[in-house]
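Architecture and fold: a report
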Amino acid sequence: MSISKKGIAVVTGASGGIGAIYADRLANRGYELILVARSQVKLDALAKRLANMTGRSVKAIAADLNNKSDLNRIETLLRTDTGITMLVNNAGVGAVAPLLASDADAMEDMIGLNVTALTRLTYALVPALVARGGGGIINISSAVGIGPEILNGVYGGTKAFVLAFSLSLHKELADKNVQIQAVLPGATATNFWDVAGGSIEKLPSAMVMRADDLVDAALAGFDQGEVVTIPSLPDAADWAAYEAARQTLIPNLSLSVSSARYRVAAAA
Ligand code: NAP
């Protein structure tokens, strides 16, 4: 077995869908892998296939990232395995139902996986990466992170968190050689839709991307040093304009005086 110069990539939610494609692509790029998800059987099958195909070391660790002790186990691994250079925070669940048809406990579980686990894993790895001289973190957000009205609002909120957290990490780690990327997939053909209670077959096929194409585009964005990658967006200038509008707002979001349009009642 060859020793990889790229180091080890940890991919969460690697037992299927987008995460399994990341595992495949990163192994082919020369990373050794640690694959994390709940299904040991699926992880073992993927690990065996990728190790045979690429000659890389591929470890499969079953963990429920909504379970505190399982999550702590992966945090410890990220802190202590000095070979780890990359984390793909991909494990996540969604929902399509509106609030009136949703269960608060399920929403809490979704926040636990999409927000709390992603945050804790990032907090575990970042100091270690900084101490080791650098690395990379890829956070899988979603198009609904900037379009929360599209699906369930809590799902959109969790993905908006992932985007905001990634933008902040990028700023904080700019001089630490830790590359941060938020990926915003649109509808992608995976098991996600069955778990979320939706049906991808009902969407126009022109809206749905293959997981292979999604990950290849996202990794191309990573290679180009993008902080935010929207694989389907035809014109990057549209994101640049959105971002420029946000930057224009920022200096005016905290001022000592309220806007003249709100001083009307007081004057009257
Ligand atoms: P998927 O096929 O359902 O895969 C989800 C992965 O997460 C599976 O490997 C699953 O494995 C793992 N997972 C679920 N609950 C977990 C838990 N409690 N602990 C550990 N692992 C867990 O869906 P996907 O489309 O690949 O989703 C990957 C990411 O892309 C998610 O963050 C999702 O929000 C995002 N995304 C997807 C789409 C889309 O249309 N598909 C669009 C935008 C963003 P186990 O069941 O074995 O645990």
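Below or above, wherever it landed, is the structure these notes cover. (Residues numbered from 1 in each chain as written. Predicted model: local features only at pLDDT ≥ 70, side-chain atom pairs only at ≥ 80, totals over all residues. Heavy atoms only, no water.)

A few words now on the nonpolar core. Counting residues in each nonpolar core, the largest one holds 31 residues, and the members touching the most others are V11, Y22, L26, L33, L35 and I138. Among the secondary structure elements, those contributing two or more residues to this core are strand 1 (8-12), helix 1 (17-28), strand 2 (32-37), helix 2 (40-54), strand 3 (58-62), strand 4 (84-89), strand 5 (135-140) and helix 7 (211-223). Examining the composition of this core, we find that seven residues originate from one element, helix 1, more than from any other. With residues near it in sequence (within four places) discarded, I138 still touches Y22, M86, L87, V88, N89, Q181, V183, L219 and F222. In terms of nonpolar packing, the next biggest core, distinct from the first, is built from 29 residues, A63, L118, L125 and V178 among them. (Core = buried A, V, L, I, M, F, W, Y, C linked by side-chain atoms within 4.5 Å. Buried < 20%, exposed > 50% of the residue type's maximum accessible area, 1.4 Å probe, protein only. Helix = DSSP H or I, 4+ residues; strand = E, 2+ residues; numbered from the N terminus. Contact = heavy atoms within 4.5 Å.)

So, about the site of the ligand. Taken together, the neighbourhood of the ligand is formed by 30 residues, with S15, I18, R38, Y155 and T190 sitting nearest. Within the side chain of Y155, an N or O atom sits 2.7 Å from an oxygen atom of the ligand. Contact with the protein chains removes 93% of the 890 Å² of surface that the ligand exposes when unbound. Elements represented by at least two residues in the shell around the ligand include exactly helix 1, helix 5 (153-172) and helix 6 (192-196). For the shell around the ligand, the class distribution of residues is 13 nonpolar, 14 polar and three charged. (Near = heavy atom within 4 Å. Polar contact = N/O pair within 3.5 Å; in protein donor to acceptor, adjacent residues only side chain to side chain. Areas by Shrake-Rupley, 256 points an atom, 1.4 Å probe, with all protein chains shown as cover. Nonpolar A, V, L, I, M, F, W, Y, C, P; charged D, E, K, R; others polar.)

Attention now moves to the environment of N89. Mapped onto the secondary structure, N89 falls in strand 4. Spatially, the C-alpha atom of N89 lies 11 Å from that of L65, the residues being 24 residues apart in sequence. Residues within four places of N89 in sequence aside, it is in contact with T12, L118, L121, T122, I137, I138, N139 and I140. Within the structure, N89 has its side chain in polar contact with the side chain of N139 (distance 3.0 Å).

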